[in-house]
Amino acid sequence: EDYIYLARELCDFSLAEYVSCGENLESDATMPSKQVVGIDILAALGALHVCGRVHGNLKPQNVLIAASGRVVLVDAGKWYIGQDSDRENSWIAPEMLIPSHPIPEDTTSSDVFVAGLLMFYLLTSGEHPYGNGPPDLQRDNVASGALKVFHGQLSDPMELDLVLACMLVSKV
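What counts, and where the lines are drawn
- Residues numbered from 1 in each chain as written.
- Predicted model: local features only at pLDDT ≥ 70, side-chain atom pairs only at ≥ 80, totals over all residues.
- Heavy atoms only, no water.
- Pairing = 2+ DSSP bridges.
- Helix = DSSP H or I, 4+ residues; strand = E, 2+ residues; numbered from the N terminus.
- Axes fitted to C-alpha atoms, helices over the stretch in contact; angles between N-to-C directions.
- Contact = heavy atoms within 4.5 Å.
- Expected span 1.5 Å × (residues − 1).
- Buried < 20%, exposed > 50% of the residue type's maximum accessible area, 1.4 Å probe, protein only.
- Parallel < 35°, antiparallel > 145°, perpendicular 65-115°, else oblique.
- Nonpolar A, V, L, I, M, F, W, Y, C, P; charged D, E, K, R; others polar.
- Left-handed = near helix turned anticlockwise from the far one by under 90°.
- Phe/Tyr/Trp six-rings, centres within 6.5 Å; stacked < 30°, edge-to-face > 60°.
- Polar contact = N/O pair within 3.5 Å; in protein donor to acceptor, adjacent residues only side chain to side chain.
- Core = buried A, V, L, I, M, F, W, Y, C linked by side-chain atoms within 4.5 Å.

So, on to the sheet that holds strand 1 (residues 11–14). Read from one edge of the open sheet, 3 strands run 1-2-3, paired in antiparallel fashion. Two strands in the sheet have a free side with no partner beyond their single neighbour: strand 1 and strand 3 (71–73). Taking the axes of each pair of neighbouring strands and ignoring which way they run, one obtains an average angle of 35° across the sheet. Here strand 2 (residues 63–66) runs beside strand 3; their pairing, made up of 3 bridges, is antiparallel. By the bridge assignment for strand 3, L64 is matched with V72. Against the sheet, helix 3 (residues 34–50) engages strand 2 and strand 3, with an angle of about 40° to strand 3.

Shown next as structure tokens:
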């Protein structure tokens, strides 16, 4: 009686798995397109923000795609740099990397910035706009604003506008 149980629908893939399966999944009529997945990520994040909540831990492994094709955000909640070894520190907004006391709070703008990183990752089949090196190098690139992969990666102007709009909300 002292336990709380959380049940959610069965999810077939994380965003990382969806992207790594590439065209094999896209040819499956039951799987949503990359554009639909992207729209659903932004809609789910928007719903959290409308409720006054911040996700604070967006990354490809925390975006799940259910058997129905619905996108589900998981593992929302507070994290601290250096205190959460599971944190993929390359999926982070630049303002979260500024040394400060107290530790910076996640905000809707930091969530939206990371959503832009995820949109780029999704639409380019797994590229991180700050390079595909080790997470520490990506994190350094995020902190310095050194985009490594971007030009020519998105041929659709609307997709490019979406990614840029998300990434320009950063508070740095």
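Attention now moves to helix 4 (residues 108–123). Taking 1.5 Å of rise per residue, the 16 residues of helix 4 would be expected to cover 22 Å, and the 22 Å separating its terminal C-alpha atoms lies within 8% of that figure. The buried fraction of helix 4 is high, at 14 of 16 residues. One or two steps after helix 4, the chain reaches S125, where phi turns positive at roughly 60°.

Further remarks concern the packing of helix 3 against helix 4. At their nearest, the axes of helix 3 and helix 4 sit 10 Å apart, and the two run at 170° to each other. Classified by the angle their axes make, helix 3 and helix 4 are roughly antiparallel. Contacts from K34, Q35, V37, G38, I41, L42, L45 and H49 of helix 3 reach helix 4 at T108, D111, V112, A115, M119, L122 and L123. Split by residue class, the contact of helix 3 with helix 4 holds 9 nonpolar, 4 polar and 2 charged.

Taken N-terminus to C-terminus, the directions of helix 4 and helix 6 (residues 157–167) make an angle of 150°; their axes are 7 Å apart at the nearest point. Put simply, helix 4 runs roughly antiparallel to helix 6. Taken as a pair, helix 4 and helix 6 cross one another with a handedness that is left-handed. Contact residues: V112, F113, G116, L117, M119, F120 and L123 in helix 4; E159, L162, V163, C166 and M167 in helix 6. Taken together, the residues of the contact of helix 4 with helix 6 break down into 10 nonpolar, 1 polar and 1 charged.

Time to look at the packing of aromatic side chains. The full count for this structure, using the stated rule, is 1 aromatic pair. Between W91 and Y121 the ring centres are 5.3 Å apart and the planes differ by 85°, which places this aromatic pair in the edge-to-face class. Separated by 30 residues along the polypeptide, W91 in the loop between strand 3 and helix 4 and Y121 in helix 4 bring together distant segments of the chain. Here the two residues W91 and Y121 agree in accessibility, since each one is buried.

A separate point is the side chain of N62. Looking at the secondary structure, you find N62 in the loop between helix 3 and strand 2. A distance of 2.8 Å separates a polar atom in the side chain of N62 from the backbone oxygen of N57. Those residues in contact with N62 that lie beyond four places of it in its chain are N57, V72, L73, V74 and D75.

Moving on, we get to the nonpolar core. Ranked by internal contacts, the top residues of the largest apolar core, which has 33 residues, are L15, Y18, V37, I41, V63, F113 and L118. If you list the elements that add at least two residues to this core, you get helix 1 (15–21), helix 3, strand 2, strand 3, helix 4 and helix 6. Examining the composition of this core, we find that 10 residues originate from one element, helix 4, more than from any other. Sequence-distant contacts of L15, that is, excluding residues within four places in its chain, are made with V37, I41, P60, V63, L118, Y121 and L122. Counting residues in hydrophobic clusters, the runner-up holds 5 residues, among them L64, A66, V72 and V74.

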